[in-house]
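Structural characterization, general
Read off the chains here:
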Amino acid sequence: MAHLTELPNQDRLRVLAADSTAMSTQLLVEALGRDGQFHMIESPASGAAILQLVKRDHPHVVVVSASFRDGQMGGFELVREVRTQSSDTRAIMLLDSSERASVTQAFRAGAQGVFCRTEPFRLLAKSIQCVSAGQVWASSTELQFVLEALIQPAMTAFNGKGNSLLSAREVDVVRCVSEGLTNREIAQRLKLTEHTVKNYLFRIFDKLGVSSRVEVVLYALGSAGVPRTPMGAPNRRQAQPGPVISRGTVSLPVPLRKTAT
């Protein structure tokens, strides 16, 4: 549904859409174009033409279907190339279903959000707004897929000399964080004091250059060749301040401070 007040062109979010077929792309562009907050950029059918437009116009957000295909270039490859062409452009991956493999592959490619076609269309506009503001759009289940998939690469982070950034005990703490354990539960499992657990978390934050518990697990996004935007999020069992989108979708705001609690 279009906004009652239509924004001037210069104030609208520049959005480029690429669905699985030319017809579905046109329908998507027309539907999003009815929203007064978006300026829809021409959406050609070929991946090469899309990348040229991204390089020229630097859209705020691209919405790409995982089913997009142009020769050897699929939707995930297109998102990866978009992020290479324009690091300021954010991406949302359209999924036919929120399967674990598709969700994790989307984030590994550099998407800042995933949107399943089973969700109401009105939420797509909201996801574009959130992602353009530097937040991450994913349901709690989808986010858990990412946490579980990325914990191993995060724990094996290395410095420039090839040395592991994390000690064996810090790896244990990261594993516990990935399971959603509280500091008290981590302390009980590892036979440490809560104060010691907090100290470990702050050291992990400093070593990885992150600012929250979720970022510890999502650190692998930065090691996949994708420009990384700092993110913070409510822990699954210890809520931190930050907006939570309806229907269980989590919006991950940029953190204001480090927190090991």
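Residues numbered from 1 in each chain as written. Predicted model: local features only at pLDDT ≥ 70, side-chain atom pairs only at ≥ 80, totals over all residues. Heavy atoms only, no water.

In contact at an axis separation of 10 Å, helix α7 (residues 168–178) and helix α8 (residues 183–190) are set at 130° when each is read in the N-to-C sense. In terms of orientation, α7 lies oblique with respect to α8. In this structure, α7 meets α8 at a crossing whose hand is right-handed. Where α7 abuts α8, its residues Arg169, Asp172, Val173, Cys176 and Val177 lie against Ile186, Arg189 and Leu190. Grouping the amino acids of the contact of α7 with α8 by side-chain chemistry returns 5 nonpolar, no polar and 3 charged. (Axes fitted to C-alpha atoms, helices over the stretch in contact; angles between N-to-C directions. Helix = DSSP H or I, 4+ residues; strand = E, 2+ residues; numbered from the N terminus. Parallel < 35°, antiparallel > 145°, perpendicular 65-115°, else oblique. Left-handed = near helix turned anticlockwise from the far one by under 90°. Contact = heavy atoms within 4.5 Å. Nonpolar A, V, L, I, M, F, W, Y, C, P; charged D, E, K, R; others polar.)

The subject of this paragraph is the environment of Ala17. Its place among the elements puts Ala17 in strand β1 (residues 13–18). For Ala17 and Met40, which are 23 residues apart along the polypeptide, the C-alpha to C-alpha distance reads 7.9 Å. Apart from residues no more than four positions distant in its own chain, Ala17 is found in contact with Thr25, Leu28, Val29, Met40, Ser43 and Val63.

A few words now on the environment of Ser167. Mapped onto the elements, Ser167 comes out in the loop between α6 (140–155) and α7. Residues Ser167 and Ile204, 37 residues apart in the sequence, show an inter-C-alpha distance of 9.3 Å.

Any two packed helices are characterised by the angle at which their axes cross and by the distance between the axes. The N-to-C vectors of helix α3 (residues 75–85) and helix α4 (residues 100–109) enclose an angle of 20°; their axes lie 8 Å apart at closest approach. If you check the angle between α3 and α4, you find them roughly parallel. As α3 runs across α4, the sense of the crossing is right-handed. Here Phe76, Val79, Arg80 and Arg83 of α3 come into contact with α4, specifically with Ser102, Gln105, Ala106, Arg108 and Ala109. Per-class residue counts for the contact of α3 with α4 are 4 nonpolar, 2 polar and 3 charged.

What follows concerns helix α1 (residues 22–33). Here α1 is 12 residues long and its end C-alpha atoms lie 16 Å apart, about the 16 Å a rise of 1.5 Å per residue gives. The complete set of buried residues in α1 reads Ser24, Thr25, Leu28, Val29, Ala31 and Leu32. Relative to the axis of α1, the buried residues are bounded by an arc of 165° and lie together on one face. Facing away from the buried side of α1 by more than 90 degrees, the exposed set consists of Ala22, Met23 and Leu27. Along its buried surface, α1 packs onto β1, β2 (38–40), β3 (61–65), β6 (90–95) and α5 (122–132). (Expected span 1.5 Å × (residues − 1). Buried < 20%, exposed > 50% of the residue type's maximum accessible area, 1.4 Å probe, protein only. Arc of directions from axis to C-beta.)

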